[in-house]
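# Summary of the model geometry
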Amino acid sequence: MRYDEYSINQLEDKATKLLIEFDKERLEKTKPLDVYGVIEKCLGVPYDWKYLTPDQSVLGATAFSDGYFWAWPESTYREGTMPYKVGVEKGTILIDATLTESDNRGRENFTVMHEVFHQKLHKKCFRDEGNNYMHQTYSRTIEGNIRCISYALRIIEYQANACAAAFLMPADLTKKIYEDKYKSAGITRLNYGFMWNLIKDMAEEFNVSKQAMSYRLQNLGLIDEEEKNLLK
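So, a few notes on the structure that sits alongside this text. (Residues numbered from 1 in each chain as written. Predicted model: local features only at pLDDT ≥ 70, side-chain atom pairs only at ≥ 80, totals over all residues. Heavy atoms only, no water.)

Now for the overall build of the chain. Looking only at helices and strands, the chain features 9 helices and 6 strands. Over its C-alpha atoms the chain spans a radius of gyration of 18 Å, differing by no more than 12% from the 17 Å that the globule rule assigns to 232 residues. Dimensions along the principal axes, computed over C-alpha positions, put the chain at roughly 55 × 40 × 35 Å. (Helix = DSSP H or I, 4+ residues; strand = E, 2+ residues; numbered from the N terminus. Rg over C-alpha atoms; globule rule 2.2 N^0.38 Å.)

Structural data, given as C-alpha cells:
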C-alpha cells in the first residue's frame, strides 16, 4: 500500500483549504455545522447510514471501488441475527447509524470528516487494493488509538485524523477562543476544575467530542498531557 508523506503544517493547510471551500467564515467564528453538507458541496459522492457492526467497533467506511459490504439489521447482536449484503458505488461514505441515534454528534462529526479526508488524500493509496475494497474506520482510530499492522495504514489514519481535527477546530480560532476564556477567568493554570469545564465548553462550541477537543488543545501546545487526561 502506498502513501504520501505530509508534514503537520501541510495537513493543516489541506484542512484549511477545504474549510475555505466549504465556508471560510468558520476560520473566524464558530457556527453550527452540517458535516454532510461538506460531502455534498465539496465531494459530491453518495453517503448513507447503516449499522456497520453490532458492537460499534467500526464507525465509518469509504468504498474505493464499486462493490458491496455486509451491514447488520440492528445495532446490537442477538442470537440468530445475520448481516445482509448492501451494494455500494465507488466513493460512497458510510457512517454507523448509532452515531445519529444518541448524544454522539461530536463523534459523528469527527467520523464524517475523517472519511471526507480519506477521499481527499488517499484515493491513490488504495488504488491497488482490488475490486470491492471498502476501507473501514475503527472506533479506536477515531479515539486516537491507531493500531494497524501496516505502517502505511497507520500513517493514512493519522493523516485523516489530523485533517479532521484541523477542519473542525481551526488552529488560529481554537487558540483565540482558548486564550480569551483563560484570560477572562483570571486563574492559575493549576485549576483543574476550570480546565475540565473549559474543555467541555469549547467542545460544545466547536461541535466536537470532549476527547477530540482535549487532543486538539494538546497538539496545539495549549494544554499538557495531565490536563488532557482530565476527561478520562
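Attention now moves to the packing of aromatic side chains. Counted under the stated rule, the structure contains 13 aromatic pairs. For the ring pair F64 and Y133, a centre distance of 6.5 Å and an interplane angle of 35° mean the geometry is tilted. Here F64 is found in the loop between β2 (58-63) and β3 (67-71), whereas its partner Y133 is found in the loop between α3 (105-121) and β6 (134-138), with 69 residues between them in sequence. Of the two residues, F64 and Y133, neither departs from the other in class, the shared state being buried. The interplanar angle of 65° and the centroid separation of 6.3 Å between the aromatic rings of F117 and F167 together place this pair among those described as edge-to-face. (Phe/Tyr/Trp six-rings, centres within 6.5 Å; stacked < 30°, edge-to-face > 60°. Buried < 20%, exposed > 50% of the residue type's maximum accessible area, 1.4 Å probe, protein only.)

A few words on the nonpolar core. Grouped together as the largest cluster of nonpolar side chains are 50 residues, with contacts concentrated most on M113, F167, L168, Y178, M213 and L217. Breaking this core down by element, the ones donating at least two residues are α1 (8-23), α2 (35-43), β5 (93-96), α3, α5 (151-168), α6 (171-185), α7 (192-206) and α8 (210-219). (Core = buried A, V, L, I, M, F, W, Y, C linked by side-chain atoms within 4.5 Å.)

It is worth spelling out the sheet that holds β6 at this point. With mixed pairing, 4 strands are arranged side by side in an open sheet as β1-β5-β2-β6. Among the strands making up the open sheet, the edge pair consists of β1 (47-50) and β6. The sheet shows a mean angle of 20° between the axes of neighbouring strands, direction not considered. The pairing of β2 with β6 spans 5 bridges and is classified as antiparallel. In the sheet register, T62 faces β6, and the bridge partner there is H135. (Pairing = 2+ DSSP bridges. Axes fitted to C-alpha atoms, helices over the stretch in contact; angles between N-to-C directions.)

Let us now look at the side chain of E108. With respect to the helices and strands, the residue E108 is situated in helix α3. Here E108 is buried and forms no salt bridge, its nearest opposite-charge partner R105 lying at an N-O distance of 4.1 Å. E108 has contacts with Y36, W49, L99 and T100, leaving out every residue within four places of it along the chain. (Lys, Arg positive; Asp, Glu negative; His and termini not counted. Salt bridge = Lys/Arg side-chain N within 4 Å of Asp/Glu carboxyl O. Contact = heavy atoms within 4.5 Å.)

Because an α-helix packs 3.6 residues into every turn, residues spaced three or four apart end up facing the same way. Taking 1.5 Å as the rise per residue, α6 with 15 residues should run 21 Å; its terminal C-alpha atoms sit 21 Å apart, in good agreement. Three or more residues of α6 are buried, namely A171, L173, T174, I177, Y178 and Y182. Directly after α6, the chain includes G186, whose backbone phi takes a positive value near 60°. (Expected span 1.5 Å × (residues − 1).)

Further remarks concern the pattern of salt bridges. According to the stated counting rule, one finds 11 salt bridges in the structure shown. Of the charged contacts in the structure, one is a salt bridge between R216 and E12, with a shortest N-O distance of 2.7 Å. One end of the pair, R216, is in helix α8; the other, E12, is in helix α1, and 204 residues separate them in sequence. A residue is classified by how much of its surface remains accessible, and E12, at 16% relative accessible area, is buried. Residues participating in the shared-partner salt-bridge network are D23, E25, K29 and K31.

Turning to α3, a few remarks are in order. With 17 residues, α3 should reach 24 Å at 1.5 Å per residue; the first-to-last C-alpha distance of 24 Å fits that figure. With 14 of 17 residues buried, α3 is to be regarded as a mostly interior element.

Our next topic: unusual backbone geometry. Across residues other than glycine, the phi torsion is negative in most instances, and most of the peptide bonds are trans. With a phi close to 60°, Q56 is a non-glycine residue in the positive phi region. With respect to the secondary-structure elements, Q56 resides in the loop between β1 and β2. Its identity as a non-glycine residue notwithstanding, N207 has a phi of 60°, on the positive side. For N207, the location among the structural elements is in the loop between α7 and α8. Relative accessible area serves as the criterion here: at 23%, N207 is assigned to the partly exposed category.

Further remarks concern the state of the cysteines. Evaluation of the coordinates by the stated rule reveals 0 disulfides. Free of any disulfide, C125 has its nearest cysteine sulfur in C163, 12 Å distant. Since its relative accessible area comes to 0%, C163 is described here as buried. (Disulfide = S-S within 2.5 Å.)

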